[in-house]
Amino acid sequence: MAGSAVAGSSPTTSDRQDYFRGQRRLTRGWLRRLNWLGWPRWPQRWIFQGNSSLSVIVMLITLLSLGSILYSFVFLQQDVKGCRQVYMAPSYARIKSFDTSITRFASKYALYLYREQGLDLTLEPNGVPVLFIPGNAGSYKQGRSIAAEAAHKFYDTARARGSYGVEGVRNLDFFTADFNEDLTAFHGRTLLDQAEYLNDAIEFILSLYASTSSSHRPNSDHPLPRSVILIGHSMGGIVARTMLTLPNYRPDSVNTIITLSTPHVVPPATFDWDIVKIYNKINQYWRESFSDKLVGRNPLASVSVISIAGGKLDQIVPSDYSSTSSLMPSTNGFTVFTTGIPTVWTGVDHLAIVWCDQLRKAIVKSLLGIIDDREPTQTTYLDTRMNIFREVFLTELGKSSLKYSPLSLSYDTLLKVPNSPSVIVHSNSRVILRGLGKYRQPRAYLIPIPKNRSPQDFFSIMTDQSLEIDGKDQRLDVMLCEQTPENVDYSSISNIMDFSKQEGPSLNFLCSNSAPHSILLPASTSSSQEPFEGNTFSYLQYKLEDILRYEYIAIIDSYVSPTSGFLVAEIVDHDAYEYEVRPSLAANMHGGARLQIPAESNGFMQVTLTGASSSLVSYKLQLNYAECGHPAIFAPLVRQYIDDPHESKYFPNAREIDVSFYGSAPFVPMTTSPRNDPNVKFQIWVDPSCNAHPELIASVDLLGSLGNVVMRFRTVLAALPLAIVGMVVLIQFNEYDSKGVFISFGAAFEYYVVKVLPILILLSSVFSVTLSLLTPGSLLPFIEPLDQTETNTALDEPIYRTVQYNNMFLGTTGMQLMILGPVLFTIASGLIIIMYYILYFALFAIAQGLEYSQTRQWNMTAVNRIMSHPFPSRLIRGLQGGATSFPFLLTGLSALKAASVASLPMVVVIIHTLLSGNRRILATFVLCVSVFAYVPYQFAFVVGFLVHTSTCIKSLCLQKSQTQSGTFTTNFTNFSVSMLMVMVWLLPVNIPVLIVWIHNLSVRWNLPFSSHHNILAIMPLIALVERMISGKMVPRATGIRKQMITKGLLVYLITYAIIHGVLHAYLLHYIVNIFAFWLVVLYIDESAKRARAENAANGATPGTGTGIGGGTDYWTKSDKRP
């Protein structure tokens, strides 16, 4: 078979012949089946030459893997949607005075002021300015949910109380930007345009308050606003951070930024040079601002950034990218997941995060909490601001809240109790109240605070009652108390709780109510299913070292009638409440890693999954309980959490838990701190009265983990396949340069599968292990840069945080992920062969249609032979009730085939008509001028792709006609199809920017595109396509130097695509463009050689010739088979 030889220096010619002789025997079976269907022989030989069962095996493995990944992504390890619907009465007032005299983008964008109907009674801004920034393809109307909640919260509270009740708090004026649904995720220039426009908008918004009538401003003596609060959704958060880096930014005009599902550290799409460059620039600016280099000169010193992520339900932006810990210290910002925000406790998808009722209430609560219109910034100082944000968005459990505030509560209650032994509970005993008000009179329980125990031990108190001070007579209170002598003056204490008997002695205590320290947890009962159902528990946790100034913890039951409810209080031994379990694949073979909690343990414990730190691996945690023997006080409650970022999940009535989390993630900068343990942890509350603690079984969820690769490695589908296509093309050029035979893509791919893929799998595993073993103190600084910054936390204790970038290869660390590279390379290989078959069948169908459009006849051999087989004919009779209906089916099938196929080749005919002769030069010139003046070069690439597709179709048609006469060589067809495969895998890199241009064209067609007008970025590819449309085969590189350049460029493409292609996909286009330039040089060099030879033979004057060309012209003549 022509062209079946395969390049390679190690195997001998005899070895290669024996190898392909065996493969051809396997191929003949497929050829016989296709011959039976009536297919022509020439396309069969072209597609199947060199292919064996190995390619089919790779393809089947790919299909099975993709099916498993998609199944896992859609159905497994998913959070439950729990957002409540919202209602509002929106109205939008466009600010027309913000025109082209103020900003150059006024003709493209617009600014609106939101007003809630029935509440905001004036169109003049009279509160604190807030600017909502929509994200990629977002609408300015998306800010209405938060704005409406802010209006209702402020005005409803003010009406009920007569005023809002907090000095300095004002209503919020929500401004929102209309970007005409710009696609900022794909185009960096658009992102910069929006940021520049919003800086102008802030300047204009602040000027509006100077002209607002004083009758509309209740506190007209307070300073006018000098800053604006920013709320950014998705890419709007990046726009907000970019604003602070631009020249037109007004200093101190922004000091608070709240972002919703914003990819802060990694761009979601890396197909645009500008977007990657902007990310690098702004992230470097923010990191350096908080480094030692700018101490005392930090332009962002007063800026706070709160990043809110939606978790697994967000299937547009990976929530890993929302982390801000590598950009700023915890004193200026943090990242929190909606699953851990108190009273929210649910995952949120990418669009719902702007309207989720529970979340918008938390956001508005924090905004109104930081407002102080007595300050020019209209907000409180940074420390106060961050404390309010932590109080609203974070839980106080463990270290995750970073609320290192000392317990310095003032005494607010005088407690008098009888001097009776029944009042004071022994410090080693638990206090368990099943039901309240049993004694039909108020009762106090005093637990002594031990002074001789470890200071790390702590009190744990849980109840289903609210601990808030609400003024009710019957309630449950928990207080920190200190005994005082009787002769102390208590006149300054307003709240006196006297439970003593008048005739007997009493004990007096000065107490501080613990209500401000209570933590809300989702209720966990035998009927609980999800944490967001509405009912809550109250929880208190005090380290003994923090409350040594007190003597007792007092539990006050003020109920005078029996009431359902419970309280459990105990002292937890710190050394006995922490456990570890290590899940692994080896443990999975034995049913999972097991941990039996001792029966004498506390009712509160913490379990760490050792080694579980990667967001790519999911787990399952099973809790097995013994029978309690009596009705349980509450069902087991589990909190899953990690320290950085602040992600918590709650599982009420926990039995079996799907464990997925956002720990260390691909391409996300890693931060190391002595305070943070990267492993996922679980805090477990069980009924201590049962004395039947659970057995924990932890296992790796292999199938559930497969879905984690979808969100993290989407760009891999553009990088790795292109690298593999480069390897296949390298094999083809190696054979072509040495033997003059350009083997088919299928034959070269078969050689790749047999010889290269195993080596690639091994090297990818070794490379992953190598990156995992390299540490910042060893060789990694020589490979990738380190950014070391020194920051201070709220403890006034320096923390040296090292930011380490894992930008290479797949961006993963950890030896347990070494299998990821081989799996992705295998899937990418399978995708290539699938695409190759799809491409061939599409080209073959169009070529057949072109032949049919010329002859107006359709070959019915295949259909006739299928239908004449006994099994199909019997099947049709059985389904349709007899053979009489079969002719009608066949007639309809014929008509449908003729109608569809006849129209397809018209595109090919039109393209070749327009690009024939001198029209080619004119069309190329017009295309280049268009790129320079109006359209992006991605448009020219798509045009070149379509033109080259028509070249492949024409080559197939010519191959058929010349094969019948026995004069055709497959070199040009194989070369053109291989170049088409390269262009196919470049389409994902170029299409996004083209979509942005089409969108801009639909909005403002008369405005030129703001970037991507570099003719050099597309001219070589266009020249190559123009040369190939004339049927010119690329000349062989006969010299060693030329061959080394060809192979070197392909090796560079392969290496870069593997190591940096995921984060810098845009550069793959430029590398292919350079390779195309080299091929054009080969064409020109061969053309010059022929011209010199012809001139020498004809005695012509040097300098004349045939112009750009070179290679054999297969449209006019063909070589004999080699």
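As shown above, the structure is provided for reference.
Residues numbered from 1 in each chain as written. Predicted model: local features only at pLDDT ≥ 70, side-chain atom pairs only at ≥ 80, totals over all residues. Heavy atoms only, no water.

A.B. asks: I'd like to hear about the packing of helix 23 (residues 971-1003) against helix 26 (residues 1066-1098), residue by residue, with values.
C.D. replies: Orientation of helix 23 relative to helix 26, taken along the N-to-C sense of each, is 150°, at an axis distance of 9 Å. By the angle between their axes, helix 23 is roughly antiparallel relative to helix 26. Handedness of the helix 23/helix 26 crossing: left-handed. Contact with helix 23, carried on its side by Phe975, Met979, Val982, Leu986, Val989 and Asn990, involves Tyr1066, Leu1068, His1069, Val1072, Phe1075, Leu1079 and Tyr1083 of helix 26 and no other residues of that element. A class-by-class count of the residues in the contact of helix 23 with helix 26 yields eleven nonpolar, two polar and no charged. (Axes fitted to C-alpha atoms, helices over the stretch in contact; angles between N-to-C directions. Helix = DSSP H or I, 4+ residues; strand = E, 2+ residues; numbered from the N terminus. Parallel < 35°, antiparallel > 145°, perpendicular 65-115°, else oblique. Left-handed = near helix turned anticlockwise from the far one by under 90°. Contact = heavy atoms within 4.5 Å. Nonpolar A, V, L, I, M, F, W, Y, C, P; charged D, E, K, R; others polar.)

A.B. asks: Can you lay out a nonpolar patch on the surface for me, pointing to particular residues and giving the numbers?
C.D. replies: On the surface, a nonpolar cluster with roughly 470 Å² of combined accessible area is contributed by Tyr71, Val74, Phe75, Leu703 and Leu706. If you list the elements that add at least two residues to the nonpolar patch, you get helix 3 (53-75) and helix 11 (702-706). In terms of residue count, helix 3 provides more of the nonpolar patch than any other element does, three residues in total. Assignment of secondary structure puts Tyr71 in helix 3. (Patch = residues over 30% accessible without salt bridge, like charges linked within 9 Å, V, L, I, M, F, W, Y side chains within 5 Å. Areas by Shrake-Rupley, 256 points an atom, 1.4 Å probe, with all protein chains shown as cover. Salt bridge = Lys/Arg side-chain N within 4 Å of Asp/Glu carboxyl O.)

A.B. asks: Pulling in residues and values, what's your account of the pairing of strand 26 (residues 656-659)?
C.D. replies: Covered by surrounding structure in strand 26 are Ile657 and Val659 only, the residues Glu656 and Asp658 on the alternate face being uncovered. As paired strands, strand 23 (residues 619-624) and strand 26 are joined by four bridges and run antiparallel to one another. Note on strand 26: the bridge partner recorded for Gln622 is Glu656. (Buried < 20%, exposed > 50% of the residue type's maximum accessible area, 1.4 Å probe, protein only. Pairing = 2+ DSSP bridges.)

A.B. asks: Outline the packing of aromatic side chains, listing residues and values.
C.D. replies: For the structure shown, the criterion picks out 45 aromatic pairs. Taking the centre distance of 6.2 Å and the plane angle of 25° together, the rings of Phe105 and Tyr109 count as stacked. Both residues of the pair, Phe105 and Tyr109, count as buried. In this structure an aromatic cluster arises from ring pairing among Phe98, Phe105, Tyr109, Phe179, Tyr197 and Phe204. Note that Arg443 overlies the ring of Tyr439, its terminal NZ or CZ placed 4.4 Å from the centroid. One cation-aromatic arrangement involves Arg639 over Tyr641; the distance from NZ or CZ to the ring centre is 4.2 Å. (Phe/Tyr/Trp six-rings, centres within 6.5 Å; stacked < 30°, edge-to-face > 60°. Lys NZ or Arg CZ within 6 Å of the ring centre and 35° of its normal.)

A.B. asks: Summarise the side chain of Asp274; cite the residues concerned and give the values.
C.D. replies: By the secondary structure assignment, Asp274 is in helix 7 (residues 273-289). Once residues lying within four places of it in the same chain are set aside, the contact partners of Asp274 are Gly188, Arg189, Ser1011 and His1012.

A.B. asks: Lay out the pairing of strand 13 (residues 476-484) in plain terms, naming residues and giving numbers.
C.D. replies: Among the nine residues in strand 13, seven count as buried, and that is most of the element. As judged from the six bridges shared by strand 13 and strand 18 (residues 552-557), these two strands associate in the antiparallel manner. Across the sheet, the residue bridging to Asp477 is Ile556, located in strand 18.

A.B. asks: Hey, could you go over the nonpolar core for me, with residue numbers and the actual values?
C.D. replies: If you look at the biggest cluster of nonpolar residues, it comprises 194 residues, and the most contacted ones within it are Leu111, Leu131, Leu230, Tyr752 and Phe975. Of all the elements, helix 23 adds the most residues to this core, at 16 residues. Among all residues touching Leu131, those that are not within four sequence positions of it are Leu111, Phe175, Thr176, Ala177, Leu198, Ile202, Ile205, Val228, Ile229, Leu230 and Ile231. By size, the runner-up hydrophobic cluster in this structure holds 45 residues, among which are Tyr155, Ala352, Ala362 and Leu382. (Core = buried A, V, L, I, M, F, W, Y, C linked by side-chain atoms within 4.5 Å.)

A.B. asks: Lay out the sheet that holds strand 22 (residues 604-609) with the relevant residues and their values.
C.D. replies: As summarised here, the arrangement of the five strands in space is 20-22-28-24-25, forming an open sheet in which the pairing is mixed. A strand with exactly one partner marks an edge of an open sheet, and here the two such strands are strand 20 (578-581) and strand 25 (647-652). Ignoring strand direction, the axes of neighbouring strands in this sheet form an average angle of 20°. Note that strand 20 and strand 22 share four bridges and pair parallel.

A.B. asks: So what's going on with helix 9 (residues 382-393)? Residues and values would help.
C.D. replies: Given a rise of 1.5 Å per residue, twelve residues ought to cover 16 Å, and the 16 Å separating the end C-alpha atoms of helix 9 matches this to within 8%. For helix 9, every residue scored as buried is listed here: Leu382, Arg385, Met386, Ile388, Phe389, Arg390, Val392 and Phe393. Residues of helix 9 that are buried make contact with strand 6 (256-260), strand 7 (304-309), strand 8 (333-337) and helix 8 (357-370). (Expected span 1.5 Å × (residues − 1).)

A.B. asks: Describe unusual backbone geometry, naming the residues involved and giving the relevant values.
C.D. replies: Going from Asp644 to Pro645, the amide bond is cis rather than trans, its omega being 0°. With respect to the helices and strands, Pro645 occurs in the loop between strand 24 (637-642) and strand 25. Positive phi outside glycine occurs at Ala137, with the angle close to 60°. Turning to its location among the elements, Ala137 is positioned in the loop between strand 3 (128-133) and helix 4 (144-161). Not every positive phi belongs to a glycine, and Trp345 is a case in point at roughly 55°. For Trp345, the location among the structural elements is in the loop between strand 8 and helix 8.

A.B. asks: Account for the sheet that holds strand 12 (residues 458-463), with residues named and values stated.
C.D. replies: Spatially, 10-19-12-17-16 is the arrangement adopted by the five strands of the open sheet, whose pairing is antiparallel. Two strands bound the open sheet, and with one partner strand each, they are strand 10 (431-436) and strand 16 (519-522). On average, each strand axis in the sheet is tilted by 20° relative to the strand beside it, whichever way the strands run. As paired strands, strand 12 and strand 19 (residues 563-572) are joined by six bridges and run antiparallel to one another. Within the sheet, the bridge partner assigned to Thr463 lies in strand 19 and is Leu567.

A.B. asks: So, the packing of helix 25 (residues 1040-1059) against helix 26: which residues are in play, and what are the values?
C.D. replies: At their nearest, the axes of helix 25 and helix 26 sit 9 Å apart, and the two run at 170° to each other. When the interaxial angle is binned, helix 25 and helix 26 end up roughly antiparallel. In this structure, helix 25 uses Lys1042, Ile1045, Thr1046, Leu1049, Leu1050, Tyr1052, Leu1053, Tyr1056 and Ala1057 to contact helix 26, whose residues at the interface are Leu1067, Leu1068, Ile1071, Val1072, Ile1074, Phe1075, Trp1078, Leu1082, Asp1085 and Lys1089. When its residues are assigned to classes, the contact of helix 25 with helix 26 shows 15 nonpolar, one polar and three charged.

From the geometry alone we can't say anything about function, so treat these as descriptive.
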